[in-house]
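Residue-level structure breakdown
What follows is each chain in one-letter form.
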Amino acid sequence: MNQIKYYLLLLLPLCFACKKTYDKELDIREKESGIVQAETASPGIAMRGEPLTLYVKLGQPDAAMKIFIGNAEAAVLAHGQTQMEVPISKYTDDKQTITADTFRVLVPDSARIGETSIYIVVNGVKSAPFKFTVKKPDILVPGQVTVNPLLMTGRTELEPADGPVGTATIGAVHDMGMDKDGTIYFIDNGAYDFNPDHGYNRRNMTIRKFANGEIKTLGGGGNNEYATRLIDLRLNSIDAMKIADDGTIYLAVTNAPMVRLTLPGSTEPFEYEFRFHRILKINPRTGEVKKLAGRNDKYCIDNGAVFESIVDGPADKAMIGKVKGMELDKAGNLYFLDGGQHDGGVVLRKISHDGLVTTEAGAADDLADYVFYDTDGTNPETLKAGSTVNNSANTADGFGAKAKIYAFKGIVVGGNGKIYLAQGAGSAEMKECVREFNPVTKEVTTIIGKAVNAPDNFQYSGTFKEVDMRTITSFDADFDGNILIGYDEQIYVDEPRCIYKIDVNKEMVFKIAGYKIDHGVSDATKPQPGQTAVIGQVSRILFDQFGKLYVGYARFDFFNQVHFTTISITR
């Protein structure tokens, strides 16, 4: 017996130590925080922008806490508490009742798509990750979309005015873009002044912003074509616009001052129209305007006309002709189509993120050495340049300079990293078509289109080999690389204005929305089923990351007050 007491006495300190350790671990566990459960419409999965309810054990109720979904902080819509049973451990079916905090949150717009996690940070300490999946939004499906008016104003006014939707007025949407936050930037063709001798004359274009139900003019109505502040900038000819994810505005502009000068070797002064083309980079928050590429300090007279040049090189030395469209890739390179001095043929050029301008596909027909002068006729400089592009209206496929591009209609970077070009009919090979440019191999390939001598069948839906392409006005790509096209065919077909989807993987073309122009069939000022929706004259379409398509109109025959609509999956 004494021996038993002796051993018990030896065990007492150990028991006390175990009890102390147990109490300490219990205290730590009580103070631990973590996600117990996520409640969504589909278990363990949700789209960006969708709500979900999180059940959270907070060991420190008064501590500062943040919730992260897919590595992006989520905004809390509502907070409450509830009692719930949870397993004591993974080794037993026994349960205990705890008080759980409930948080109603939205999956952030910037949440990483795919398999990810949800976690909380309490007083700077990150909890164990809770496995979760953020899925892509539904892609537009033929027969399952609704066209909704997004922006309507009073019928066409002579003077565009800022303000909330319903009060603000708009001239006509010339082009538009969207940043990652969903803010829409658009070019307003502006008001028209009536001149008894010349009829209506358009005033300067302006850059305007549409966000949170408000329209605000950012600038463009100034008096200085070379201003460094947007509010002072005069924009009388915008050739193209592109909006970066962060809202940076890229503008391709043309300035055409009349200049009297005496050419070297001559004594007689002549008046010339100098057409300078530049690409501007604008910060919408500060209004700062910088020249990204293009020169207005050199000219060349060729055959009695000012030479609008295509010259590669560093951005501050390169020259550009008339820009027909711009697009940014994921690396920050700006691709643009340059028509040189004439309408028709174009070359595909790139401004790299480090400021080098190169021609990626196509070449000027008249590439040679020319002498350029400063605008006062001094400092001659010989440069290799060209201005006439694809004058033969050829649409041949090929690599690099061997490719021929004609009658540009649109440019977009697909989800696969390739660049897609929509173009008009050429005289040598193809009618209107869609072409693919591979930035790695520099190859241009026609993926949709028919030969010039192929019979018209006016079929817009079907396989790549079946469809005709006519009167493309704009196109964009969704995140899977599919292309959305706006048509404006008013002569040959019963449904002249429609939006079509090109499924690159299935090699099929489907109609998404649009119906024949017949006043009274459908009211464009109200939500419309896609298959019977009345569509206006499309000037630009944009696809956002949530599976929604935005459409801007230059004109809407029976509903002039409709300027933007959205097309989305019917839910």
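Residues numbered from 1 in each chain as written. Predicted model: local features only at pLDDT ≥ 70, side-chain atom pairs only at ≥ 80, totals over all residues. Heavy atoms only, no water.

With that settled, consider the overall build of the protein. Scanning the protein from terminus to terminus reveals 1 helix and 49 strands. Summarising the internal contacts of the protein: among those between residues at least 6 apart in sequence, 51% fall at separations of at least 24. Accessible surface computed for the protein: about 27600 Å², of which carbon and sulfur atoms make up 50%. (Helix = DSSP H or I, 4+ residues; strand = E, 2+ residues; numbered from the N terminus. Contact = heavy atoms within 4.5 Å. Areas by Shrake-Rupley, 256 points an atom, 1.4 Å probe, with all protein chains shown as cover.)

This part covers the sheet that holds strand β34 (residues 381-385). In sheet architecture, strand pairing relies on hydrogen bonds along the backbone and comes in two forms, parallel and antiparallel. Strand order in the open sheet formed by 3 strands is β25-β33-β34, with antiparallel pairing between adjacent strands. In this open sheet, the two strands that pair with only one neighbour each are β25 (298-299) and β34. In this sheet, strand β33 (residues 368-374) lies alongside β25 in antiparallel orientation, the contact comprising 2 bridges. Bridge pairing in β33 places Lys 298 opposite Asp 374. (Pairing = 2+ DSSP bridges.)

Here we take up the sheet that holds strand β13 (residues 173-178). Pairing is antiparallel across the open sheet formed by 5 strands, whose spatial order is β12-β18-β17-β14-β13. Each edge of the sheet is formed by a strand with only one pairing partner; in this case those strands are β12 (163-164) and β13. When strand β17 (residues 206-211) meets strand β18 (residues 214-219), the two strands line up antiparallel, connected through 5 bridges. Within β18, the position partnered with Phe 210 by the bridge is Ile 215.

What follows is about the pattern of salt bridges. For side chains bearing opposite charge, pairing can occur when the charged atoms are close. Using the criterion set out here, one finds 11 salt bridges in the structure. With a closest N to O distance of 2.8 Å, Arg 208 and Asp 188 form a salt bridge. With Arg 208 in strand β17 and Asp 188 in strand β14 (residues 184-188), this pair connects stretches of sequence that are 20 residues apart. Considered together, Arg 208 and Asp 188 belong to a single accessibility category, that of buried residues. Here Arg 435 ties to Asp 397 by a salt bridge, and the two come within 2.8 Å at their closest N and O atoms. Pair noted here: Arg 435 is in strand β39 (residues 433-438) and Asp 397 is in the loop between β34 and β35 (398-399), with a separation of 38 residues, a long-range link. One network of salt bridges, with partners in common, ties together Asp 162, Asp 188 and Arg 208. (Salt bridge = Lys/Arg side-chain N within 4 Å of Asp/Glu carboxyl O. Buried < 20%, exposed > 50% of the residue type's maximum accessible area, 1.4 Å probe, protein only.)

To describe a pair of aromatic rings, one takes the distance between the centres and the angle between the planes. Summed over all chains, the structure comprises 1 aromatic pair. Looking at Lys 126, its charged tip hangs above the ring of Tyr 119, at a distance of 4.2 Å from the centre. (Phe/Tyr/Trp six-rings, centres within 6.5 Å; stacked < 30°, edge-to-face > 60°. Lys NZ or Arg CZ within 6 Å of the ring centre and 35° of its normal.)

A separate point is unusual backbone geometry. A positive phi angle is found at Asn 71, which is not glycine, with a value near 65 degrees. Its place among the elements puts Asn 71 in the loop between β4 (65-69) and β5 (72-73). For Asn 123, which is not glycine, the phi dihedral falls at a positive 50 degrees.

Within the largest apolar cluster, 20 residues are counted, with the highest numbers of intra-cluster contacts made by Val 434, Ile 448, Met 469, Ile 485 and Ile 502. Those elements that place two or more of their residues in this core are β38 (419-423), β42 (472-477), β43 (483-487) and β44 (498-503). In contact with Ile 485, other than residues within four places in its own chain, are Val 434, Met 469, Ile 472, Ser 474, Phe 475, Cys 498, Ile 499, Tyr 500, Ile 502 and Ile 541. Within the second largest apolar cluster, 19 residues are counted, among which are Ile 67, Ala 74, Val 105 and Ile 118. (Core = buried A, V, L, I, M, F, W, Y, C linked by side-chain atoms within 4.5 Å.)

This part covers the confidence of the model for the protein. Mean pLDDT over the protein: 79, with 80% of residues reaching 70 or higher. Low pLDDT, under 50, characterises residues 21-28; the predicted model gives this stretch 0 contacts beyond four residues in sequence or across chains. (pLDDT = per-residue confidence, 0-100.)

By the criterion of burial, strand β19 (residues 238-243) is predominantly enclosed, with 6 of the 6 residues buried. Inspection of the sheet shows β19 paired to strand β20 (residues 249-255) by 5 bridges, in the antiparallel sense. Looking across to β20, one finds that Met 241 is bridged to Leu 251. Here β19 folds back onto β20, and the loop between the two strands holds 5 residues, one of which, Gly 247, carries a positive phi near 95 degrees.

Our focus in this paragraph is the side chain of Ser 127. Residue position: Ser 127 is located in the loop between β9 (125-126) and β10 (130-135). Assessed through its relative accessible area of 9%, Ser 127 is described here as buried. Other than its neighbours up to four places away in sequence, Ser 127 contacts Ser 33, Gly 34, Tyr 119 and Ile 120.

Let us look at the pairing of β20. The two faces of the sheet receive side chains in turn, since in a regular strand these alternate between them. With respect to burial, β20 is a largely interior element, 7 of its 7 residues being buried. Judged by which residues are buried, β20 turns out to be covered on both faces: Ile 249, Leu 251, Val 253 and Asn 255 on one side and Tyr 250, Ala 252 and Thr 254 on the other are all buried. Relative to strand β23 (residues 276-282), β20 runs antiparallel, the two being bridged by 7 bridges. Counterpart to Ala 252 in the pairing with β23 is Ile 279.

As a further point, take the side chain of Asp 175. Assignment of secondary structure puts Asp 175 in strand β13. At a separation of 3.4 Å, a polar atom in the side chain of Asp 175 contacts the main-chain amide nitrogen of Met 241. Beyond its immediate sequence surroundings of up to four residues, Asp 175 is in contact with Tyr 185, Phe 186, Ile 187, Ala 240, Met 241 and Arg 540. (Polar contact = N/O pair within 3.5 Å; in protein donor to acceptor, adjacent residues only side chain to side chain.)

Glancing now at the environment of Arg 208. Arg 208 sits in the buried class, given a relative accessible area of 0%. In terms of polar contacts, Arg 208 uses its side chain to reach the backbone carbonyl oxygen of Thr 169, at 2.9 Å.

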